[in-house]
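Residue-level structural notes
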Amino acid sequence: MSEQNVPYRRADGGPGDTSNRRPTSEAPPQPSPPRPQPGAYRQPVPMAHPKTTYIGFYFWWWLGVTALFLLGSIGVFAGGAVGAGFIGLLLTGLSALYVRYLFRGGRFRMIFIIF
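Treat the numbers as computed from the prediction; the structure is a model and nothing was measured. (Residues numbered from 1 in each chain as written. Predicted model: local features only at pLDDT ≥ 70, side-chain atom pairs only at ≥ 80, totals over all residues. Heavy atoms only, no water.)

Attention now goes to a nonpolar patch on the surface. Together, Phe-69, Ile-87, Leu-90, Leu-91, Leu-94 and Leu-97 give the surface a local cluster of nonpolar side chains, amounting to about 560 Å² of exposed area. Among the elements that line the nonpolar patch, the one with the most residues is helix α2 (residues 82–103), at five residues. With respect to the helices and strands, Ile-87 occurs in helix α2. (Patch = residues over 30% accessible without salt bridge, like charges linked within 9 Å, V, L, I, M, F, W, Y side chains within 5 Å. Areas by Shrake-Rupley, 256 points an atom, 1.4 Å probe, with all protein chains shown as cover. Salt bridge = Lys/Arg side-chain N within 4 Å of Asp/Glu carboxyl O. Helix = DSSP H or I, 4+ residues; strand = E, 2+ residues; numbered from the N terminus.)

The structure is reproduced here in structure tokens:
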């Protein structure tokens with residue numbers, strides 16, 4: 001077979017194999033339509049308790065504890081005990097994170113009462 005009679009070439013430039021070639025009358029396969037995303041048809045689920053309703057006792061309790069930690073650490077700083085003031089600020093930050101968790105609908109609730 002001469003170079004002029006080769007019907008097509010492979011990607012590397014060599015002559016192609018005509019035995020497994022698709023006939024020219026056959027149309028190329030059409031691309032399938034794009035598949036929808038998994039969440040495209042998902043209906044929004046209503047919340048059991050909207051955030052605009054009663055937040056709960058635990059939120060207000062821990063918000064008060066956070067405020068007391070903040071006031072206490074400021075007072076300790078004013079008294080000159082820097083190390084204890086930083087410990088108070090650490091406790092303030094941790095309780096503030098827990099208040100944020102409760103405000104966003106956290107379900108794990110705890111309370112400490114220290115006399």
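Picking up where we left off.
In this description, an aromatic ring pair is defined by two values, namely the gap between the centres and the angle between the planes. By the definition in use, this model includes seven aromatic pairs. Between Phe-59 and Phe-103, the ring centres sit 5.8 Å apart and the planes meet at 40 degrees, which makes this aromatic pair tilted. With Phe-59 in helix α1 (residues 57–79) and Phe-103 in helix α2, this pair connects stretches of sequence that are 44 residues apart. Of the residues examined, Phe-103 reaches a relative accessible area of 48% and is grouped as partly exposed. Ring pairs connect the aromatic residues Phe-57, Tyr-58 and Trp-61, which therefore count as one cluster. (Phe/Tyr/Trp six-rings, centres within 6.5 Å; stacked < 30°, edge-to-face > 60°. Buried < 20%, exposed > 50% of the residue type's maximum accessible area, 1.4 Å probe, protein only.)

The subject of this paragraph is α1. Its 23 residues give α1 an end-to-end C-alpha distance of 33 Å, which sits within 8% of 33 Å, the value for a rise of 1.5 Å per residue. Listed as buried for α1 are Phe-59, Trp-62, Val-65, Thr-66 and Ser-73. Next to the buried residues of α1 lie α2. Just beyond α1, the residue with positive phi is Gly-80, at close to 105 degrees. (Expected span 1.5 Å × (residues − 1). Contact = heavy atoms within 4.5 Å.)

The next subject is α2. For α2, spanning 22 residues, the distance from its first C-alpha to its last is 31 Å, which sits close to the expected 32 Å at 1.5 Å a residue. For α2, the elements touching its buried residues are α1. Just past α2, the residue Gly-105 takes up positive phi, approximately 95 degrees.

Okay, the packing of α1 against α2 next. Describing two packed helices takes the angle between their axes plus the distance from one axis to the other. At a minimum axis separation of 8 Å, α1 and α2 run at an interaxial angle of 160 degrees. By the angle between their directions, the pair α1 and α2 is classed as roughly antiparallel. You can see that α1 and α2 cross each other, and the crossing is left-handed. Its residues assigned to classes, the contact of α1 with α2 shows 18 nonpolar, six polar and no charged. (Axes fitted to C-alpha atoms, helices over the stretch in contact; angles between N-to-C directions. Parallel < 35°, antiparallel > 145°, perpendicular 65-115°, else oblique. Left-handed = near helix turned anticlockwise from the far one by under 90°. Nonpolar A, V, L, I, M, F, W, Y, C, P; charged D, E, K, R; others polar.)

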